[in-house]
Amino acid sequence: MDALTMKKLAGEFAARYVEPHMLIGIGTGSTAYWFIQALGERVKQGLQIQAVATSKESALLASSFEIPILELNNVDEIMLTVDGADEVDPQLQLIKGGGGALLQEKMVAAASQRLVIVADERKLVQQLGKFPLPVEVIPAGWKHVRRRILDMHCPKVELRGQSQPFITDHGHYILDCYFEHIDDAHALNIRLHQIPGVVETGLFLNMATEAIIARADGSIQIIKRES
């Protein structure tokens, strides 16, 4: 089973978690796309839900399937959010932000009772860090932030988009930080947040409650966070 089929399998499986009249969060990315599409089919069949999107891209996609979209400021608590990840370790610590929506994704996740991650087996790792860690930064000072991160023994830090910087939905830049391996994600997250100009990091720690991992053999692996 190829990567695309695995993503589709995970996304469609997660759509079963959504119950009538739920307020849900909908993620961003290639696996979340299949979740939104499967959810849209259920809405066409009469499922009544409301959703908060983690990006403009996901909001447009959901609206095309007639899924009602609310602003995060207009809701109190989200029952369930389904989103993808770039890396997932066995403790359900995550690296997210490959799609550039990490700030909104983290805000929606923080407002949710449950955060369910959908991914294919390639995203499951023993240690975070091989995937470059996205760090969202204020454009005016990104070079200073980059130098500070390089001083933290990060071998390479690149501005996403280089000569034409990628702009997030909230008007920021993203630095992709090639740590290679992250020994203490909690300590690194704290150090990064102490740098003036850092808006948010792609480290999602103690947030995911469950992961749906699609395997190449067509099976689904469920990983739940230990309480």
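Thoughts on the overall build of the protein chain
Next up, step 1: Along its length, the protein chain carries six helices and 14 strands.
Next up, step 2: For the protein chain, the C-alpha radius of gyration of 17 Å lies close to 17 Å, the compact-globule estimate for 227 residues.
Next up, step 3: Its C-alpha atoms put the protein chain at 55 × 40 × 35 Å along the principal axes.
Next up, step 4: Out of the 227 residues in the protein chain, the part that is buried amounts to 52%.
Next up, step 5: Pairs at least 24 apart in sequence give 73% of the contacts found in the protein chain among residues at least 6 apart.
Next up, step 6: In the form shown here, the protein chain has an accessible surface area of approximately 10,800 Å², with 48% of it arising from carbon and sulfur atoms.

Describing the environment of Val118
Next up, step 1: With respect to the helices, strands and loops of the structure, Val118 is situated in strand β7 (residues 115-120).
Next up, step 2: Separated by 92 residues in the primary sequence, Val118 and Ile26 have C-alpha atoms spaced 11 Å apart.
Next up, step 3: Ignoring sequence-local partners within four residues, the contact set of Val118 consists of Ala10, Ala14, Thr31, Ala32, Val82, Asp83, Gly84, Ala85 and Ile212.

As for the sheet that holds strand β10 (residues 173-178)
Next up, step 1: Overall, antiparallel pairing links the four strands, which are arranged β9-β10-β8-β11 in an open sheet. Both outer strands of the open sheet, β9 (156-159) and β11 (198-201), are each paired with one neighbouring strand and no more. Averaged over neighbouring strand pairs, the angle between their axes works out to 25° when direction is ignored.
Next up, step 2: Pairing analysis gives four bridges linking β9 to β10, with the strands arranged antiparallel. For Leu159, the partnering residue across the bridge sits in β10 and is Leu175.
Next up, step 3: With respect to the sheet, helix α5 (residues 142-150) is in contact with β8 (133-137), β9, β10 and β11, its orientation differing from that of β10 by roughly 15°.

A word on the sheet that holds strand β14 (residues 220-224)
Next up, step 1: A sheet is described by the order of its strands in space; here seven strands give the open sequence β3-β2-β1-β4-β7-β13-β14, paired in mixed fashion. Edge positions in the open sheet fall to β3 (69-70) and β14, since each of these has one partner strand only.
Next up, step 2: Here five bridges tie strand β13 (residues 210-214) to β14, and the two strands are oriented antiparallel to one another. Opposite Ile213, over in β14, you have Gln221 as the bridge partner.
Next up, step 3: In this fold helix α1 (residues 3-15) packs onto β4 (80-83), β7, β13 and β14, with an angle of close to 140° to the strand it touches most, β13.
Next up, step 4: Taken strand by strand, helix α2 (residues 30-44) contacts β1 (23-26), β4 and β7, and its axis lies near 145° from that of β1.

Here's the deal with α5
Within an α-helix, residues lying three or four positions from one another point in the same direction, as the helix has 3.6 residues per turn.
Next up, step 1: Among all positions in α5, only Trp142, Val145 and Ile149 are buried. Relative to the axis of α5, the buried residues are bounded by an arc of 60° and lie together on one face. Projecting away from the buried face of α5 at angles above 90 degrees are the exposed residues Lys143 and His144.
Next up, step 2: Elements that come into contact with the buried residues of α5 comprise β8, β9, β10, α6 (185-193) and β11.

So, the pairing of strand β2 (residues 50-53)
Next up, step 1: Two strands pair when backbone bridges link them, and β1 and β2 are joined in this way by four bridges, in the parallel orientation. When the sheet's bridge partners are listed, Gly25 is paired in β2 with Val52.
Next up, step 2: For the crossover from β1 across α2 to β2, the handedness is right-handed.
Next up, step 3: Pairing of β2 with β3, which is carried by two bridges, proceeds in the parallel orientation. Counterpart to Val52 in the pairing with β3 is Leu70.
Next up, step 4: A crossover connection joins β2 to the parallel β3 through helix α3 (residues 56-64); in handedness this β-α-β unit is right-handed.

Digging into the state of the cysteines
Next up, step 1: Scanning the entire structure with this criterion turns up zero disulfides.
Next up, step 2: With no disulfide of its own, Cys177 lies 5.1 Å from the sulfur of Cys154, the closest cysteine sulfur.
Next up, step 3: Overall, Cys177 belongs to the buried group, its relative accessible area being 0%.

What about the nonpolar core?
Next up, step 1: Val18, Ile24, Ile26, Phe35, Leu39 and Ile67 are the most contacted members of the largest nonpolar core, which totals 29 residues.
Next up, step 2: At the level of secondary structure, the elements contributing two or more residues to this core comprise α1, β1, α2, β2, α3, β4, β7 and β13.
Next up, step 3: When near neighbours in sequence (up to four residues on either side) are disregarded, Leu39 contacts Ala15, Val18, Ile24, Ile26, Leu47, Ile49 and Ile67.
Next up, step 4: In this structure, Leu128, Val135, Phe179 and Leu205 belong to the second largest nonpolar core, which totals 25 residues.

Parameters at a glance
Residues numbered from 1 in each chain as written. Predicted model: local features only at pLDDT ≥ 70, side-chain atom pairs only at ≥ 80, totals over all residues. Heavy atoms only, no water. Helix = DSSP H or I, 4+ residues; strand = E, 2+ residues; numbered from the N terminus. Rg over C-alpha atoms; globule rule 2.2 N^0.38 Å. Buried < 20%, exposed > 50% of the residue type's maximum accessible area, 1.4 Å probe, protein only. Contact = heavy atoms within 4.5 Å. Areas by Shrake-Rupley, 256 points an atom, 1.4 Å probe, with all protein chains shown as cover. Pairing = 2+ DSSP bridges. Axes fitted to C-alpha atoms, helices over the stretch in contact; angles between N-to-C directions. Arc of directions from axis to C-beta. Right-handed = clockwise from strand over helix to strand, strands pointing away. Disulfide = S-S within 2.5 Å. Core = buried A, V, L, I, M, F, W, Y, C linked by side-chain atoms within 4.5 Å.

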